Amino acid sequence: MSIELNILPIQKWLNFDSHPIIISGPCSAESEEQLLRTARELSQIPNVRIFRAGIWKPRTRPNQFEGVGNIGLEWLKKVKQESGLLTTVEVANPKHVEEAIKHDVDILWLGARTVVNPFSVQEIAEALQGVDIPVIIKNPVNPDINLWIGALERINRAGITKLAAIHRGFYFFESSPFRNAPMWEIPIELKRLYPALPLFCDPSHICGNKDLIQSVSQKALDLEMEGLMIESHYNPDIALTDANQQITPKHLANIFSKLVIREESVTGEFETKLDELRTEIDKLDAELIDILLHRMKIVEEIGEYKRDNNITILQIKRWSEIIKNRLAHGIKIGLNRDFLLKILQLVHKESIQKQTDIMNKGKK
Ligand code: PEP
Ligand code: MN
């Protein structure tokens, strides 16, 4: 079920036409000096147009630094006056909304921990009734696109049409090089459902370190995202939160200079070539699906045979051989081992399920 969102094009509420738009600034506001120094350096980078800073910080454990509170909003006013950058802060409850608006913050954002909770989002939506301010909504911590959409809907229904989303990765129980797994298919699906919704990427919280920011930023731009939110600090080593992933403005300028900004929609000769390749992919996918069906039919026949002859479904020796042979062949012709292994395991799981169904039916 998808409800239309009433979205004002981003060009109508951000009156600059930089692409990509970069939102940058520290994870947390720590001091006036830190904000002004960082903002001064950031304002030299052409595409940085919005300054971020966490004023109230959601921390896993109490007694950690939980943000400087309202005084930071006064510092942000100075940042705006001095640097000309717009400002944005995270709001997690109606009180934050009220304070941020009172202190002329330009854009509000909802963090990943807030978006998981519809009660919190609803309270914020109610506090935003009748207020004309842009709101950016991060994805929830867990990979649930409906929670993300639900938050967008609640805020939109409160009358906020200056709306955007931020992809900041998702909690994932398996270890990965990322702090939060990107699971790109989720933001892609959001874009498919709401093509008018501006989508940003937050490589800092996806990566959790400085090294992967360049490649994640490039990937986001290649997926036609509107812009990036990247944490920066004039001296990341002394940062009170997220020190590992914050970069200096100079480092950000360097990353930005290496980004390849590709055209959004290709025309003419490229389009023809792309169409040809896509037709080829469509054909191959259709064949792949037919082959899978064929394989499942044979699996069923084997299942019936096993049932009639009282043979167990899982025969570990045969399965080990399959894995060994198929992987050896796949790797030899250039397929990625992990990818192939995952596919084989998935197909095997479905085959076992099919044969279990046959056995159970046979018993009736
Ligand atoms: C942040 O932007 O500093 C932050 C807390 O992010 P997230 O909500 O994505 O964890
Ligand atoms: Mn952070």
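Residues numbered from 1 in each chain as written. Chains lettered and ligands numbered in written order. Predicted model: local features only at pLDDT ≥ 70, side-chain atom pairs only at ≥ 80, totals over all residues. Heavy atoms only, no water.

Draft legend 1. Region of the structure containing the side chain of Thr38. Its place among the elements puts Thr38 in helix H2 (residues 32-42). Its relative accessible area of 0% is what places Thr38 among the buried residues. Apart from residues no more than four positions distant in its own chain, Thr38 is found in contact with Phe51, Ser232, His233, Tyr234 and Pro249. (Helix = DSSP H or I, 4+ residues; strand = E, 2+ residues; numbered from the N terminus. Buried < 20%, exposed > 50% of the residue type's maximum accessible area, 1.4 Å probe, protein only. Contact = heavy atoms within 4.5 Å.)

Draft legend 2. Expanded view of the environment of Asp242. Summarising the element assignment, Asp242 is placed in the loop between strand E8 (227-231) and helix H11 (249-258). Placed 76 residues apart in sequence, Asp242 and Arg318 show a C-alpha to C-alpha distance of 49 Å. In this structure Asp242 touches Cys27, Arg179, His205 and Glu231, once residues within four positions along its chain are discounted. Among the polar contacts made by the side chain of Asp242, one reaches the side chain of Arg179 at a distance of 3.1 Å. (Polar contact = N/O pair within 3.5 Å; in protein donor to acceptor, adjacent residues only side chain to side chain.)

Draft legend 3. Spatial organisation of the site of ligand 1. Taken together, the neighbourhood of ligand 1 is formed by Cys27, Arg52, Lys57, Glu90, Trp109, Gly111, Ala112, Arg113, Lys138, Arg168, His205 and Glu231. With respect to ligand 1, the side chain of Arg113 contributes an N or O atom lying 2.9 Å from an oxygen atom. Coverage of ligand 1 by the protein chains reaches 97% of its 290 Å² of free accessible surface. By residue class, the composition of the shell around ligand 1 is three nonpolar, two polar and seven charged. (Near = heavy atom within 4 Å. Areas by Shrake-Rupley, 256 points an atom, 1.4 Å probe, with all protein chains shown as cover. Nonpolar A, V, L, I, M, F, W, Y, C, P; charged D, E, K, R; others polar.)

Draft legend 4. Spatial organisation of the pairing of strand E5 (residues 135-138). A two-sided burial pattern is seen for E5, the buried positions comprising Val135 and Ile137 on one face and Ile136 and Lys138 on the other. With three bridges joining them, strand E4 (residues 107-110) and E5 adopt parallel strand pairing. Its bridge partner lying in E5, Leu110 is registered against Ile137. Relative to strand E6 (residues 163-167), E5 runs parallel, the two being bridged by four bridges. Its bridge partner lying in E6, Ile136 is registered against Ala164. In this fold, the crossover linking E5 to E6 by way of helix H7 (residues 145-157) has right-handed handedness. (Pairing = 2+ DSSP bridges. Right-handed = clockwise from strand over helix to strand, strands pointing away.)

Draft legend 5. Region of the structure containing the pattern of salt bridges. Enumeration according to the criterion identifies 16 salt bridges in this entry. Put simply, Lys78 and Glu32 hold a salt bridge, and the shortest N to O gap is 3.0 Å. With Lys78 in helix H3 (residues 70-83) and Glu32 in helix H2, this pair connects stretches of sequence that are 46 residues apart. For Lys78, a relative accessible area of 39% gives the class partly exposed. The partly exposed category is assigned to Glu32, whose relative accessible area is 28%. Note that Lys95 is salt-bridged to Glu99, the shortest N-O span being 3.4 Å. Highlighted residues: Lys95 and Glu99, both in helix H4 (residues 94-102), separated by four residues, approximately one helical turn. Overall, the relative accessible area of 7% leaves Glu99 in the buried class. (Salt bridge = Lys/Arg side-chain N within 4 Å of Asp/Glu carboxyl O.)

Draft legend 6. Representation of unusual backbone geometry in the model. In this chain, His19 is followed by Pro20 through a cis amide linkage whose omega measures -5 degrees. Phi is positive for Asn63, which is not a glycine, with a value near 70 degrees. Mapped onto the elements of the fold, Asn63 is located in the loop between strand E2 (48-52) and H3. Of note, the phi angle at Asn310 is positive, near 55 degrees, even though the residue is not glycine. Along the chain, Asn310 turns up in the loop between helix H12 (268-308) and helix H13 (316-332).

Draft legend 7. Quick peek at the sheet that holds E8. Strand order in this closed barrel of eight strands is E1-E2-E3-E4-E5-E6-E7-E8, and the pairing throughout is parallel. Geometrically, the sheet is characterised by an average inter-axis angle of 30 degrees between neighbouring strands, direction not taken into account. (Axes fitted to C-alpha atoms, helices over the stretch in contact; angles between N-to-C directions.)

Draft legend 8. How the structure looks around the domain arrangement of the chain. By domain assignment, the chain separates into domain 1 (10-258) and domain 2 (268-360). Computed over C-alpha atoms only, the centres of domain 1 and domain 2 are separated by 41 Å. (Domains from an automatic or database assignment.)

Draft legend 9. Representation of the nonpolar core within the structure. Core analysis: the biggest nonpolar cluster contains 68 residues, and Val89, Leu108, Val135, Ile137, Ile155 and Leu190 have the highest contact counts within it. Discounting residues that sit within four places of it in the chain, Val135 has contacts with Leu108, Leu110, Leu128, Ile155, Ile160, Lys162, Leu163 and Ala164. Counting residues in hydrophobic clusters, the runner-up holds 14 residues, among them Phe16, Ile21, Ile23 and Trp109. (Core = buried A, V, L, I, M, F, W, Y, C linked by side-chain atoms within 4.5 Å.)

Draft legend 10. The arrangement of the pairing of E6 in detail. For E6, a buried count of five out of five residues is recorded, marking the element as mostly surrounded by other parts of the structure. Residues Leu163, Ala165 and His167 point to one face of E6 and Ala164 and Ile166 to the other, with burial holding for every one of them. Bridge count for E6 against strand E7 (residues 199-201) is three bridges, and the pairing is parallel. By the bridge assignment, His167 is partnered in E7 with Cys201.

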